[in-house]
Amino acid sequence: MIITIGRQLAAGGREIGKHLAEKLSLKYYDRELILEAGKQSGLNPQLFEQVDEQHNLFMYALGAKNPELFRIQSDVIARLAEQDNCVFVGRCADYILRDNPNCLSIFLSADLDDRIKRLSIRENCSAKQALEIIEKADRKRAEYYEFYTGKGWGKACSYDFCLNTTWFGVAEVVDLVSKAALHLQK
């Protein structure tokens with residue numbers, strides 16, 4: 001069983017991913033993929049950190065080989081999915097594992113006011129600062145996803161299951177996704 005989670009910033013993706021992994025006894029990968037990609041490739045993990053979930057033409061022009069780093073990270077994701085049952089958060093894992101019949105891809109969104117509130121608390125910043133951070137992060141995630149996949153980030157047709165965490169809350173989203181993943185396994 002593989003679950004991939006695409007998410008808007010501050011929609012609860014990391015928290016939901018951790019709860020899903022715990023509830024279903026799955027390995028959990030988010031930022032850990034950066035370290036794993038560095039370890040398996042022999043490259044400095046900071047290279048992966050610099051281009052994490054962003055397609056930056058300026059960095060590419062300076063010699064940071066985004067497509068090569070993406071390929072390495074993709075290989076790591078595919079290898080980890082072959083070895084064990086996992087939850088992957090972000091990093092185009094839904095696209096990378098699109099041919100895996102045991103993969104359930106979800107996208108999590110939330111109402112903007114809830115996202116601003118959640119990020120303001122988490123980062124101890126003003127609502128205005130939170131909005132700016134959200135807009136920038138979502139723009140970078142969309143550019144990255146669309147560049148490497150050719151698909152629409154956050155668009156329902158790109159995922160198996162889309163949920164608004166404002167409507168359901170963390171516990172109910174975990175329950176719904178768990179049921180869907182177990183149903184897929186049958």
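Structure report, in brief. (Residues numbered from 1 in each chain as written. Predicted model: local features only at pLDDT ≥ 70, side-chain atom pairs only at ≥ 80, totals over all residues. Heavy atoms only, no water.)

Right, let's talk about the side chain of Gln8 for a bit. Structurally, the position occupied by Gln8 is in the loop between strand S1 (2-7) and helix H1 (13-24). For Gln8, a relative accessible area of 17% translates into the label buried. Within the local environment of Gln8, its side chain forms a polar contact with the backbone nitrogen of Ala110, the two atoms lying 3.0 Å apart. If sequence neighbours within four positions are ignored, Gln8 has contacts with Phe107, Leu108, Ser109, Ala110, Arg115, Asp138, Arg141 and Trp153. (Helix = DSSP H or I, 4+ residues; strand = E, 2+ residues; numbered from the N terminus. Buried < 20%, exposed > 50% of the residue type's maximum accessible area, 1.4 Å probe, protein only. Polar contact = N/O pair within 3.5 Å; in protein donor to acceptor, adjacent residues only side chain to side chain. Contact = heavy atoms within 4.5 Å.)

Further remarks concern the side chain of Ser120. Along the chain, Ser120 turns up in helix H7 (residues 112-123). In this structure Ser120 touches Cys125, Ser126, Ala127 and Ala130, once residues within four positions along its chain are discounted.

What holds strands together in a sheet is hydrogen bonding between their backbones, with the strands either parallel or antiparallel. Ordered in space as S2-S3-S1-S4-S5, the 5 strands form an open sheet in which the pairing is parallel. Both edges of this open sheet fall to strand S2 (27-29) and strand S5 (161-164), since each of them pairs with a single strand only. Averaged over neighbouring strand pairs, the angle between their axes works out to 20 degrees when direction is ignored. Across 3 bridges, the pairing between S2 and strand S3 (residues 86-89) is parallel. Bridging across to S3, Tyr28 finds its partner in Val87. Where H1 meets the sheet, it contacts S1, S2, S3 and strand S4 (103-109), and its direction lies at approximately 170 degrees from that of S1. Sitting on the sheet, helix H9 (residues 165-185) is in contact with S1, S4 and S5, with an inclination near 160 degrees to S5. (Pairing = 2+ DSSP bridges. Axes fitted to C-alpha atoms, helices over the stretch in contact; angles between N-to-C directions.)

The subject of this paragraph is the packing of aromatic side chains. Overall, the coordinates contain 8 aromatic pairs when judged by the stated rule. Taking 4.0 Å as the distance between ring centres and 10 degrees as the angle between the ring planes, the aromatic pair formed by Phe70 and Tyr148 counts as stacked. Residue Phe70 is located in helix H5 (residues 66-83), and its partner Tyr148 is located in helix H8 (residues 127-149); the two are separated by 78 residues in the primary sequence. A residue is classified by how much of its surface remains accessible, and Phe70, at 12% relative accessible area, is buried. The class for Tyr148 is buried, based on a relative accessible area of 13%. Ring centres 4.8 Å apart and planes at 90 degrees place the aromatic pair Phe147 and Tyr148 in the edge-to-face group. Assessed through its relative accessible area of 43%, Phe147 is described here as partly exposed. Taken together through their ring pairs, the aromatic side chains of Phe70, Tyr144, Phe147 and Tyr148 make up a single cluster. Lying over the aromatic face of Tyr95, Arg98 brings its terminal NZ or CZ to 3.8 Å of the ring centre. (Phe/Tyr/Trp six-rings, centres within 6.5 Å; stacked < 30°, edge-to-face > 60°. Lys NZ or Arg CZ within 6 Å of the ring centre and 35° of its normal.)

So, to be careful, I would describe these as geometric facts and stop short of saying anything about function.
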